[in-house]
Amino acid sequence: MLAEKTKTRQNFYVRFENTKENLALLAYLQTLKNQKFVVFNSPTEVTNSEKEHIRLNAEIDKLSQLKAGWDGFEALKPNINAINQAEAIVSMLSEKVLKYCALFPSNDSSVYLQGNFPKGGFAAYFNGERFSYFLKGEKYKSSAADIELNDKIISKIENQICKNLI
């Protein structure tokens, strides 16, 4: 399961003081060829290039802070594994896709990711163990239920959205 694969955030930002040592470290990081991270030179670059990731990660933080009864009734708080699933898919989808998306809690402790694209819609339901999704456009439809969330399926969803719904 993807949620067990990592317990750390895949998107994070570091602010360096302009010391000689930190500037040397920054220069070194920028020279690495096999980058598993992006080095930004200013907060403006981060904001402009990752604003949808930042927005949705803030939504994920809000989901993780919800308490039982968040809806004024008996809704369960989102379970940590469903939150981790949402975090995993958000970290892998592009800004192009995420700008149309929002996250919502479900009263059964699950999490929804929904997208309203120019040519159709997307919804994913994360229960903490498996997930289900559907994509629907005027001339396109795709769905899967009760499947494992992994890098391959996230990539497939991204490609289908970009090709058929944006």
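One numbering rule holds for all chains: residues counted from 1, following each sequence as written. Thresholds applied to this predicted model are a pLDDT of at least 70 for local features of residues and 80 or more for the giving and counting of side-chain atom pairs; totals over whole chains, interfaces and linings are not thresholded and use all residues. Derived side-chain values reflect all non-hydrogen atoms in the structure, with water molecules and hydrogen atoms excluded from consideration.

Asker: I keep staring at the overall build of the protein and nothing clicks. Help me out?
Answerer: In terms of regular secondary structure, the protein is built from six helices and five strands. Across the 166 residues in the protein, those meeting the buried criterion constitute 36%. Pairs of residues are marked as contacts when any of their non-hydrogen atoms sit within 4.5 Å. Residue pairs in contact within the protein that sit at least 24 positions apart in sequence constitute 54% of those at least 6 positions apart. Accessible area for the protein stands at about 10500 Å²; split by element, carbon and sulfur atoms hold 52% of it. Here a helix means four or more residues in a row that DSSP labels H or I, a strand means two or more in a row labelled E, and each is numbered from the N terminus. Accessible area is worked out with a 1.4 Å probe on protein chains only. A residue is then buried under 20% of its type maximum, exposed over 50%, and partly exposed in between. Exposure was quantified through the Shrake-Rupley algorithm and a 1.4 Å probe, taking into account, for residues, occlusion by the shown protein chains and nothing else.

Asker: Would you mind going over unusual backbone geometry with me for this structure?
Answerer: Negative phi characterises most residues that are not glycine, and trans characterises most peptide bonds. The backbone of S109 sits at a positive phi, close to 85 degrees, despite the residue not being glycine. Tracing the chain through its elements places S109 in the loop between β1 (101–105) and β2 (111–117). Overall, the relative accessible area of 15% leaves S109 in the buried class.

Asker: Honestly, the pairing of β2 in this entry has me stumped. Any pointers?
Answerer: Two faces make up the sheet, and in a regular strand the side chains alternate between them. Side chains V111, L113, G115 and F117 project from β2 onto a buried face, and the interleaved Y112, Q114 and N116 project onto a face without burial. If DSSP finds at least two bridges between two strands, the strands pair. In the sheet, β1 pairs with β2 via five bridges, with the strands oriented antiparallel. Each residue of the ladder has a partner; that of A102, found in β2, is Q114.

Asker: Which parts of the structure should I look at to understand the pattern of salt bridges?
Answerer: Two side chains of opposite charge can pair, provided their charged atoms sit close to one another. The working definition used for a salt bridge is a side-chain nitrogen of Lys or Arg within 4 Å of a carboxyl oxygen of Asp or Glu. Taken as a whole and assessed by the stated rule, the structure comprises three salt bridges. Of the charged contacts, one joins E59 and R55 as a salt bridge, the two residues approaching to 3.2 Å between their closest N and O atoms. Of the two residues, E59 and R55 both sit in helix α3 (residues 43–65), four residues apart, roughly one turn of that helix. Where salt bridges share partners, they join E52, R55 and E59 into one cluster.

Asker: Would you mind going over the sheet that holds strand β4 (residues 131–137) with me for this structure?
Answerer: Working definition: the strands of a sheet are paired by backbone hydrogen bonds and lie parallel or antiparallel to each other. Read from one edge of the open sheet, five strands run β1-β2-β3-β4-β5, paired in antiparallel fashion. The open sheet is flanked by β1 and β5 (141–147), the only strands paired with a single partner. Each adjacent strand pair in this sheet contributes to an overall mean axis angle of 10 degrees, direction not counted. As a rule, the C-alpha atoms of each element are fitted with a line to give its axis, helices using only the stretch in contact, and angles between N-to-C directions run from 0 to 180 degrees.

Asker: So what exactly am I meant to see when it comes to the packing of helix α4 (residues 80–92) against helix α6 (residues 151–164) here?
Answerer: Any two packed helices are characterised by the angle at which their axes cross and by the distance between the axes. Their axes nearest at 10 Å, the elements α4 and α6 cross at an angle of 55 degrees. One way to sum up the angle between α4 and α6 is to call them oblique. Note on packing geometry: the crossing formed by α4 with α6 is right-handed. Contacts between α4 and α6 involve A88, I89 and M92 from the former and D151, I154 and E158 from the latter. Throughout, the term roughly parallel applies to angles under 35 degrees, roughly antiparallel to angles over 145, roughly perpendicular to angles from 65 to 115, and oblique to all others. Helix crossings get a hand from a simple test, with the near helix turned counterclockwise from the far one by less than a right angle marking a left-handed crossing and a clockwise turn marking a right-handed one.

Asker: Sorry if this is basic, but what is going on with α4 here?
Answerer: The α-helix winds at 3.6 residues per turn, so residues separated by three or four positions along the chain end up facing the same way. Taking 1.5 Å of rise per residue, 13 residues should cover 18 Å, and α4 covers 19 Å from first to last C-alpha, within 8% of that figure. In terms of burial, α4 is largely enclosed, as ten of its 13 residues are buried. Among the residues of α4, those classed as buried are A82, I83, N84, Q85, A86, E87, A88, I89, V90 and S91. The N-capping residue of α4, defined by a side-chain oxygen 3.0 Å from the backbone nitrogen of N81, is N79. The span you would expect from a helix comes to 1.5 Å times its residue count less one. Two N or O atoms count as a polar contact when they lie within 3.5 Å, although within protein this holds only if one can serve as hydrogen donor and the other as acceptor, and sequence-adjacent residues are included solely when both atoms are side-chain atoms.

Asker: Could you clarify how one ought to interpret the nonpolar core in this entry?
Answerer: Nonpolar core, defined: a set of buried Ala, Val, Leu, Ile, Met, Phe, Trp, Tyr and Cys residues in which side-chain atoms within 4.5 Å join the residues together. Counting 31 residues, the largest nonpolar core has L103, L113, F122, F126, F131 and Y133 as its most contacted members. Examining the composition of this core, we find that six residues originate from one element, α4, more than from any other. Not counting residues within four places of it along the chain, the set of residues in contact with L113 comprises I89, L93, C101, A102, L103, F122, A123, A124 and F126.

Asker: Whenever I open this one, the pairing of β5 confuses me. Can you help?
Answerer: Direction of pairing for β4 relative to β5: antiparallel, over a ladder of five bridges. Within β5, the residue paired with F134 across the bridge is S143. Once β4 ends, the chain turns through three residues before running back antiparallel as β5.

Everything listed here is a matter of geometry and, on its own, says nothing about what the molecule does.
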